[in-house]
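The primary structure of each chain is shown beneath.
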Amino acid sequence: MKKLIGLVFLMFILISAAEFTSSKPQTEHTIEGTWELVNRFNYDGLNVTDTIPNTNGYRQIKMFHKGKVMWTRYSPDDPTEWFGYGRYRTTSDKLEESLEYGSDAMMKVIDTTVVFEFELHLDENTYSQITLDEQGNKTFAENYKRIR
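Remember, predicted model here, so these are calculated numbers, not experimental data.

(A) Here's a closer look at the overall build of the chain. Across its full length, the chain carries two helices and nine strands. For the chain, the N- to C-terminal ordering of α and β elements is α-β-β-β-β-β-β-α-β-β-β. The buried share of the chain, reckoned over its 148 residues, is 31%. Partitioning the intrachain contacts of the chain with sequence separation of at least 6 by distance along the chain shows that 42% fall at a separation of at least 24.

(B) Spatial organisation of the nonpolar core. By size, the foremost hydrophobic cluster in this structure holds 20 residues, and its most contacted members are Ile-31, Trp-35, Phe-64, Leu-95, Leu-99, Met-106 and Tyr-127. Among the secondary structure elements, those contributing two or more residues to this core are strand S1 (33-45), strand S4 (68-75), strand S5 (78-90), strand S6 (94-102), helix H2 (104-110) and strand S7 (115-122). The dominant element in this core, judged by the number of residues it contributes, is S7, at four residues. Every residue in contact with Tyr-127, bar those within four places of it in the chain, is listed here: Ile-31, Trp-35, Lys-62, Phe-64, Leu-95, Leu-120, His-121, Leu-122, Glu-142, Asn-143 and Tyr-144.

(C) Expanded view of unusual backbone geometry. Even without being glycine, Asn-56 reaches a positive phi, approximately 50°. With phi around 50°, Lys-66 is a residue other than glycine that occupies positive phi space. Note on placement: Lys-66 falls in the loop between strand S3 (59-65) and S4.

(D) Representation of the packing of aromatic side chains. Enumeration over the complete set of coordinates arrives at six aromatic pairs. Residues Phe-83 and Tyr-101 carry aromatic rings whose centres are separated by 6.1 Å and whose planes lie at 50° to one another, so their mutual orientation is tilted. With a gap of 18 residues between them, Phe-83 in strand S5 and Tyr-101 in strand S6 connect regions that are remote in the sequence. Exposure remark for Phe-83: the relative accessible area of 21% places this residue in the partly exposed category. Ring centres 4.9 Å apart and planes at 5° place the aromatic pair Tyr-127 and Tyr-144 in the stacked group. In this pair, Tyr-127 sits in strand S8 (residues 126-132) while Tyr-144 sits in strand S9 (residues 138-146), placing the two residues 17 residues apart along the sequence.

(E) Geometry of the pairing of S8. Sheet topology note: the S7/S8 ladder contains four bridges and is antiparallel. Paired with Leu-122 across the two strands is Tyr-127, which belongs to S8. Count of turn residues in the S7/S8 antiparallel hairpin: three residues. Relative to S9, S8 is paired through seven bridges, and the arrangement is antiparallel. Counterpart to Thr-126 in the pairing with S9 is Lys-145. Counted between consecutive antiparallel strands, the loop separating S8 from S9 contains five residues, among which Gly-136 sits at a positive phi close to 90°.

(F) Highlighting a nonpolar patch on the surface. There is a patch of nonpolar side chains on the surface, built from Met-63, Met-70, Tyr-85 and Tyr-101 and spanning about 380 Å² of accessible area. On the accessibility criterion, Tyr-85 (31% relative accessible area) is partly exposed.

(G) Geometry of the pattern of salt bridges. Taken as a whole and assessed by the stated rule, the structure comprises seven salt bridges. Here Arg-73 and Asp-78 are joined by a salt bridge, their closest N and O atoms 3.5 Å apart. For Arg-73, a relative accessible area of 26% gives the class partly exposed. Here Asp-104 and Lys-108 are joined by a salt bridge, their closest N and O atoms 3.4 Å apart. You can see Asp-104 and its partner Lys-108 sitting in helix H2, four residues apart, about one turn around the helix. Considered together, Asp-104 and Lys-108 belong to a single accessibility category, that of exposed residues.

About the thresholds
- Residues numbered from 1 in each chain as written.
- Predicted model: local features only at pLDDT ≥ 70, side-chain atom pairs only at ≥ 80, totals over all residues.
- Heavy atoms only, no water.
- Helix = DSSP H or I, 4+ residues; strand = E, 2+ residues; numbered from the N terminus.
- Buried < 20%, exposed > 50% of the residue type's maximum accessible area, 1.4 Å probe, protein only.
- Contact = heavy atoms within 4.5 Å.
- Core = buried A, V, L, I, M, F, W, Y, C linked by side-chain atoms within 4.5 Å.
- Phe/Tyr/Trp six-rings, centres within 6.5 Å; stacked < 30°, edge-to-face > 60°.
- Pairing = 2+ DSSP bridges.
- Patch = residues over 30% accessible without salt bridge, like charges linked within 9 Å, V, L, I, M, F, W, Y side chains within 5 Å.
- Areas by Shrake-Rupley, 256 points an atom, 1.4 Å probe, with all protein chains shown as cover.
- Salt bridge = Lys/Arg side-chain N within 4 Å of Asp/Glu carboxyl O.

Here it is in C-alpha cells:
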C-alpha cells in the first residue's frame, strides 16, 4: 500500500513538473478583422514630429480576411472617393498589401505602385502601419484600433 501511495505521489510530481516546464506556444496577434483609423503620425526618420487626428467626420476603415484586404475612406472635406481591394500578407514586423482594384483615384496610384510595404506594429486591439523611405527611415504612420 505504501508503494502504491508513493508511486501515485511520484506520478503526481512528474506530471506537475512536466506541465510547469512545458513551453506552450504564445498566441500571436492577428491582423484579421476590421480596423478604424485613429490618427496618423509624421516622423523625422526616427521620432514622431506630428500627430494628425481625424477631424470633421473623416473616417477610414480597413478589413483583413483570409489574405484579402479592403479599405475605404470618407472625408466630408474631400468629395473624391477612395477605396481599394487586394491581397495582403504579414510577418511579425511587416505588412504587404498588393492592391488589384480601387476607386478611380486609387487606380491612378495602383498604376504606379502595386505593392505597398509597411513596417508593422501589431497588438491585440491596435496596429500601426509605418511607411519607410529608401534608407529605412520612418516617414509616416497610420494608427488603427480594432472594431471587430
